[in-house]
Amino acid sequence: MFSGYAHQRFRSRRFGTAVTILATAATSAVALDVASASGVPGTHTALAAPWRAGSPLVAGSPGGTGSPGAAGPAVGEGRRAVESVLGLGDSVPAGSACECVSYVSLVAESLSARQGTPVAGPNLAAAGLTTQGLLDMLDDDAVRAGVAGADLTVITIGANDFEEEGVEDDACGADLACYGTALERLRANMDALLSRIHALRGPGGRVVVTGYWNVFLDGAAGRARGPKYVAGSDRLTVAVNAALAASAAASGALFADLHTAFKGEEGTRDDTGLLAADGDHPGAEGHRLIAETVLAAVSAPDPRR
């Protein structure tokens with residue numbers, strides 16, 4: 001068990017709700033049907049196939065259960081089997097505000113079903129964590145050992161690096177001047193974070209960095225704040241995702257585009273049904289879609305090869 005960060009109380013991604021983060025291991029057999037597409041230039045980006053709320057997670061299984069053989073081809077053809085999926089980041093992978101299975105566990109469960117072998121799913125994500133906080137976690141020997149032992153590391157981090165107030169500030173402008181320093185710091189921290197993870201992970205280990213659908217409130221909750229809030233928060237989210245994708249590309253990590261997965265190619269689809277009641281975190285259906293998108297990243301042929 002990972003010490004220090006496996007069982008701690010942190011504040012939520014934005015609104016201060018205390019949650020308990022537990023390291024968990026995946027045990028059930030669930031699989032996700034995914035497709036992939038390339039996105040940001042220079043970045044191996046994955047999008048999930050269209051998914052409808054309530055659809056089964058296992059291909060060919062109306063009840064959402066089934067044998068590993070029903071799950072389709074193995075993830076990452078030609079790669080060795082995945083034995084451990086490690087979750088790192090903020091309240092999104094931690095599963096905050098959602099009494100549901102987090103996307104980290106869903107990914108581990110799906111890989112287990114597809115491979116027909118057990119896949120552990122330790123989750124060290126913590127609500128309220130920033131990129132600097134995650135860098136600090138890597139000073140812990142147990143966390144470093146967890147990273148080194150993971151075949152697949154999935155990371156969602158960065159939203160807590162930003163304060164919400166600026167999105168409605170006219171002085172911030174279309175160029176996000178008020179967030180310039182924070183965006184630069186995000187990129188620098190992500191570059192350092194992924195460099196350290198790359199140095200720690202074992203041969204063949206893969207890393208997937210996810211973007212965000214919104215770094216603040218979205219769906220009906222975001223619209224309730226008014227059009228200026230909606231426009232400002234989306235503009236910042238696009239900039240944050242660009243920084244995350246660029247860091248992923250520079251380090252050889254994969255990038256999972258959650259903005260497109262949640263909101264569509266035009267960025268206008270209502271994602272309220274994918275969110276928890278607070279409008280800030282993903283609900284059960286959102287976690288399922290995030291898992292699909294992550295699996296698309298690790299399933300697709302790498303266009304750089």
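See the structure shown above.
Please read these numbers as outputs of a predicted model, since none were measured by experiment.

Participant: Help me out: how do you make sense of the overall build of the protein chain in this one?
Facilitator: A count of helical and extended segments in the protein chain gives 9 helices and 7 strands. Residue burial in the protein chain is summarised as follows: out of 305 residues, 56% are buried. Of the accessible surface of the protein chain, which amounts to about 12,300 Å², a share of 54% is contributed by carbon and sulfur atoms.

Participant: I would appreciate a short explanation of the environment of Cys 172 in the present structure.
Facilitator: Inspection of the secondary structure puts Cys 172 in the loop between β5 (152–156) and α5 (180–200). Separated by 60 residues in sequence, Cys 172 and Gly 232 have C-alpha atoms that sit 9.1 Å apart. Not counting residues up to four positions away in its chain, the partners in contact with Cys 172 are Gly 166, Ala 177, Cys 178 and Tyr 179.

Participant: In this structure, what is going on with the nonpolar core? I would like to understand it.
Facilitator: Where a protein is soluble and globular, its nonpolar side chains tend to be buried together. One finds Val 85 and Leu 236 to be the most contacted residues of the largest nonpolar core, which totals 70 residues. The contacts of Val 85, once residues within four sequence positions are left out, are Val 104, Val 107, Ala 108, Leu 111, Val 119, Ala 120, Gly 121, Pro 122, Leu 152 and Val 154.

Participant: I would appreciate a short explanation of the state of the cysteines in the present structure.
Facilitator: One way to say it: the disulfide is the covalent bond shared by the sulfur atoms of two cysteines. Within the structure shown, the criterion is met by 2 disulfides. Here Cys 98 pairs with Cys 100 through a disulfide, and the sulfurs are 1.9 Å apart. On the S-S bond that ties Cys 98 to Cys 100, the torsion sits near 130°, and the link is right-handed. The exposure class of Cys 98 is buried, given its relative accessible area of 14%. Disulfide pairing places Cys 172 opposite Cys 178 at an S-S distance of 2.0 Å. Across the S-S bond linking Cys 172 and Cys 178, the dihedral sits near -80°, which makes this disulfide left-handed. Relative accessible area serves as the criterion here: at 3%, Cys 172 is assigned to the buried category. Ordering the disulfide-forming cysteines of the protein chain by sequence position, one finds them joined as 1-2, 3-4.

Thresholds, definitions, all that
Residues numbered from 1 in each chain as written. Predicted model: local features only at pLDDT ≥ 70, side-chain atom pairs only at ≥ 80, totals over all residues. Heavy atoms only, no water. Helix = DSSP H or I, 4+ residues; strand = E, 2+ residues; numbered from the N terminus. Buried < 20%, exposed > 50% of the residue type's maximum accessible area, 1.4 Å probe, protein only. Areas by Shrake-Rupley, 256 points an atom, 1.4 Å probe, with all protein chains shown as cover. Contact = heavy atoms within 4.5 Å. Core = buried A, V, L, I, M, F, W, Y, C linked by side-chain atoms within 4.5 Å. Disulfide = S-S within 2.5 Å.

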